[in-house]
2 protein chains.
Amino acid sequence: MRRGSDVFSTSRGTVSERGRNRSWLLSSIITFNVLILGIALVSGSVFNNVKINAINLQIFLIVLIILTTAWMLYYTIYTSREDHAVLYKDSHAGPVWLRGGLVLFGLCSLIMDVFKIANYVGYLHCDSAVKIAFPVVQAVFILVQTYFLWLHAKDCVQLQRNITRCGLMLTLSTNLMLWMAAVTEESIHQTVVPPEDDNSTHSYDIRAPGGSSSCNCSHSACAVLEKAYYYLYPFNIEYSLFASAMAYVMWKNVGRLVDEHNHHSLHFRLKDMLVGPAVGLVMLVAGLGTFVIYKVDVEKGDPGKRDTVLMIHYVMNTVAVTLMSVSTVAGCAIYRLDQRDHVSGKNPTRSLDVGLLIGASFGQFTICYFTIVAVVATGAEGHLNALNLAVSLLTVIQLCLQNIFIIEGLHREPFHEDMHQASVFTNPYVLQAQAHRDIHNLPGTFMETKTSPALTVHSMHVAPSAPSSSPLPQRHRLTWKRRALKEICAFLLLCNILLWIMPAFGARPQFDNPIGAEFYEFTMWAAVVNIGLPFGIFYRMHSVASLFEVFLTS
Amino acid sequence: MRRGSDVFSTSRGTVSERGRNRSWLLSSIITFNVLILGIALVSGSVFNNVKINAINLQIFLIVLIILTTAWMLYYTIYTSREDHAVLYKDSHAGPVWLRGGLVLFGLCSLIMDVFKIANYVGYLHCDSAVKIAFPVVQAVFILVQTYFLWLHAKDCVQLQRNITRCGLMLTLSTNLMLWMAAVTEESIHQTVVPPEDDNSTHSYDIRAPGGSSSCNCSHSACAVLEKAYYYLYPFNIEYSLFASAMAYVMWKNVGRLVDEHNHHSLHFRLKDMLVGPAVGLVMLVAGLGTFVIYKVDVEKGDPGKRDTVLMIHYVMNTVAVTLMSVSTVAGCAIYRLDQRDHVSGKNPTRSLDVGLLIGASFGQFTICYFTIVAVVATGAEGHLNALNLAVSLLTVIQLCLQNIFIIEGLHREPFHEDMHQASVFTNPYVLQAQAHRDIHNLPGTFMETKTSPALTVHSMHVAPSAPSSSPLPQRHRLTWKRRALKEICAFLLLCNILLWIMPAFGARPQFDNPIGAEFYEFTMWAAVVNIGLPFGIFYRMHSVASLFEVFLTS
């Protein structure tokens, strides 16, 4: 009898594992192909004379969007009818700030689409109708997708896994394609080819594809609308990235069996904190002030003023980045003193967070190193170049330190008021679980046991209610460390918001300072900045989210 | 007593885990920074007028090489003195074909360096001495590194983990930088800016950095030497990639505890096989024949002949890719019929293989999709464009199918003459292990046990010696499937060698056919091809290695 059920489970397990591998491969290959075809279309629509244009790309996007929307509706209806479609939920996936951000950015994207529709209505008499169809379809898509992700972000789907994997990968590809298209359009809009550069005679179509020069708007609001919707682009870009991240985590969770233990509720409190938020707010306000001055004076186009404003911008950045580095070093030092455990166990959300953080920092690193090479190779004469070099070097250091700080922070067990060193010794469950977990780290021991998630969870549930015999001084020391960590997180968070807002709303010192475009050719430099900067913006954005999580858990 | 040791192991385990995370992060950050600085230098040396040149890049590389060589010598001496430095070996890491390939490509690279030294001696009176120093240092590095990897590729280092991790990451960065520099130089050498293109007035320094125009060689062998060493570049490029892959696997294995069970010895036999190798050899010979005609006629530069030769090249590729797709479909069908188990358990070598396969196919995919977009958008008139489109479409399909086939093949348990379905039922160890393994796949079951590697290993050791009661027909059916799979692998392997040799030795239909450069701007198209093609070459190379492994295990 026992043997029979074993054989059954064996064959069943193998089949399901094989099926998993196949649908993983298939869905990955679909994404791969959609994305590369998309890259080719985007490149073709940018670096091309006449033959292909934004219309072809938009038709491709509309097809993708319709397919994805149809799948999402099918999934929603199917799971609402079937009782056992979703048995498990991943408590780490889709935290409330992520879903809240999704709704917020989704709203901004909807407004952008409305502005776009109103704008293109003015061009309807002489331009393609596809240009109106695209924002309409996109608006519907944003509504459906936000609803879908809000409801289903935590699902660990067990039924129809193959279809669900492919559908989620389609969602991911669609969002990444929308992101790519938006980033390209935004970059082209922000890149003004300098008139003194002799390469501006190129036939590249570096123009906003809003309206061709021969077609005039039929109503008066066009100029205002176009300006308005370009300010909303950064939100749309973030919306696509948020949705991509959530779709990816859902894809990783398909077929996963997790226990439904509840997340420890973490409260957001700013009480008892002063220095971090205060200094951070001062930096934010000062930074926004210099940013406004910068934008106003650069748009005037006076070369003498431009140097002064660039100087102010660089000084502001140097101060911010230096303070951030110093506080991050302090934070890392506190981690070293700290005795908290590392979180073990698989967690697709956290792995994705860390991967995105490191991957996105690539963009900013690239721009910094390119600037450093250019400035050093040309001799770095004058205050402006010296400041430019200093900012780039300090930013590299800051990025390294911040990555270390955030990754360390994300891998720590959350602090709990009642759970500290002393209670570990009085709680047999915790001891047992930890001994199980750590036996692997002893050299020469055969890995015969592995701690089960159930056991760990159990110990975590028991711990707070265990009789605690903690001496008060120790608790006080913990509180001191916690407070310092929270202050640092709050400060870093506000500074990252500043460094996010400046490039997102159009600060381009890389083009206003001519050294990069002179040293590398203009096209090369434009490519580096236009590919690197969106990642840099996303990095700051993502750091804010991660720092918020570190703030909550520490 | 027991409690005391538990506490000890707990604190010790936590410390080691924390240390692991730190040194992982630190070594990753070092690599990250070295690589991005390297990319900036490479880009600066290519897309630049005068200010920075190949010399600066070579000085950077020399510094990297000296640091890496010093660390490798230190490691070799340290481990030979210390008794317990390497307790465990990963039997999957550094298989003999990988190490053999390393030695072979290392030899070719050494010859290349000798040619380079002889060549630059002729320029010594008017050019920088760094140009000679670089190949000298590189030759020493190749000798030391080949010796180091031959001896230590399987090591799972337990002592001095932090230093070892950083050292291995330094080795990885150095090899990737050498790879990047070689690929760039090779691409610049292969890219001849078409004279009819109006963009050739650009000031990009797209010239082989061998000798500047004002400096003449003092001995007569220069022209021959330069031609000779450019033919050896592909081998040097592969050498760097092989070394990078081995360094990466060693880095993943630092601190890993594995059991020292021996690899099942797999024998390479071509007996009983006819169709696959025969058809493959015919394809290879025919392909090399057309390749020679192509190279000879394209170098003559006659536009009329160029079209004919391009046609022959495309037809040859279409036939090869179609046959490959058909046989891959047959192979996947056999896998579906096949009852072999999937390999479970962690294996960094296999994960790396799969990752590299998918990652490297990106290059070829990109070129294909860019070609498809260009041909479709321009209307695809004439035989040449139709063939170009057909080749691109078929290559996309072939890449998808081949990736699926290889990944499925790598995840199968090896076939063993004595170990088949029947013996599983008579062997209690296997049953137990499989039941343990598959209990996770039953929905609703709590994950309380996990199969231990020790148990699985045990069962695999026992299985061949268990009393076997297999009916002969079943064994015969298995043999039929095995033979078909081996035939398919041999055919695919030979075809991949063909598709590897053609671009590696300078076939550039992407530039000989003007459609890409006309549709996209020339610089854009050159960037796509010059970045995509080295990955494409590596993909074919890596497929050959992976197919050889699938051939052995099936």
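Structure first, text after, so check above.
The present account deals with the structure reproduced in this document. (Residues numbered from 1 in each chain as written. Chains lettered and ligands numbered in written order. Predicted model: local features only at pLDDT ≥ 70, side-chain atom pairs only at ≥ 80, totals over all residues. Heavy atoms only, no water.)

Details of the packing of helix α4 (residues 130-152) of chain A against helix α6 (residues 222-253) of chain A
Residue and element names in this part refer to chain A.
So, point 1. In contact at an axis separation of 11 Å, α4 and α6 are set at 40 degrees when each is read in the N-to-C sense. Taken as axis vectors, α4 and α6 run oblique relative to one another. For the crossing formed where α4 meets α6, the hand is left-handed. For the pair α4 and α6, the contacting residues are Gln138, Ile142, Gln145, Thr146, Phe148, Leu149 and His152 in the first and Asn236, Tyr239, Ala243, Met246 and Met250 in the second. (Axes fitted to C-alpha atoms, helices over the stretch in contact; angles between N-to-C directions. Helix = DSSP H or I, 4+ residues; strand = E, 2+ residues; numbered from the N terminus. Parallel < 35°, antiparallel > 145°, perpendicular 65-115°, else oblique. Left-handed = near helix turned anticlockwise from the far one by under 90°. Contact = heavy atoms within 4.5 Å.)

With respect to the side chain of B:Asn513
So, point 1. Along the chain, B:Asn513 falls in the loop between α15 (509-512) and α16 (515-519).
So, point 2. A distance of 3.1 Å separates a polar atom in the side chain of B:Asn513 from a polar atom in the side chain of B:Tyr314. (Polar contact = N/O pair within 3.5 Å; in protein donor to acceptor, adjacent residues only side chain to side chain.)

Concerning the side chain of A:Thr553
So, point 1. For A:Thr553, the position within the fold is in helix α17 (residues 522-553).
So, point 2. At 3.2 Å, the side chain of A:Thr553 and the backbone oxygen of A:Val550 are in polar contact.

A short note on helix α17 (residues 522-553) of chain B
So, point 1. In a regular helix each residue adds 1.5 Å, so 32 residues correspond to 46 Å; α17(B) covers 46 Å between its end C-alpha atoms and thus fits that length.
So, point 2. A large share of α17(B) lies buried, amounting to 27 of its 32 residues. (Expected span 1.5 Å × (residues − 1). Buried < 20%, exposed > 50% of the residue type's maximum accessible area, 1.4 Å probe, protein only.)

A closer look at the nonpolar core
So, point 1. In terms of nonpolar packing, the biggest core is built from 277 residues, with A:Met177, A:Phe405, B:Met177 and B:Phe405 touching the most fellow members.
So, point 2. When sequence neighbours within four positions are dropped, the list of residues in contact with B:Met177 reads B:Val34, B:Leu35, B:Gly38, B:Val42, B:Phe60, B:Leu61 and B:Leu64. (Core = buried A, V, L, I, M, F, W, Y, C linked by side-chain atoms within 4.5 Å.)

Notes on a nonpolar patch on the surface
All names here are of chain A.
So, point 1. On the surface, Leu274, Val275, Val279, Val315, Val319 and Leu323 cluster together to form a nonpolar patch covering roughly 480 Å² of accessible area.
So, point 2. At the level of secondary structure, the elements contributing two or more residues to the nonpolar patch comprise α7 (275-300) and α8 (303-337).
So, point 3. At 3 residues, the largest contribution of residues to the nonpolar patch is made by α8.
So, point 4. If you trace the backbone, valine 319 turns up in helix α8. (Patch = residues over 30% accessible without salt bridge, like charges linked within 9 Å, V, L, I, M, F, W, Y side chains within 5 Å. Areas by Shrake-Rupley, 256 points an atom, 1.4 Å probe, with all protein chains shown as cover. Salt bridge = Lys/Arg side-chain N within 4 Å of Asp/Glu carboxyl O.)

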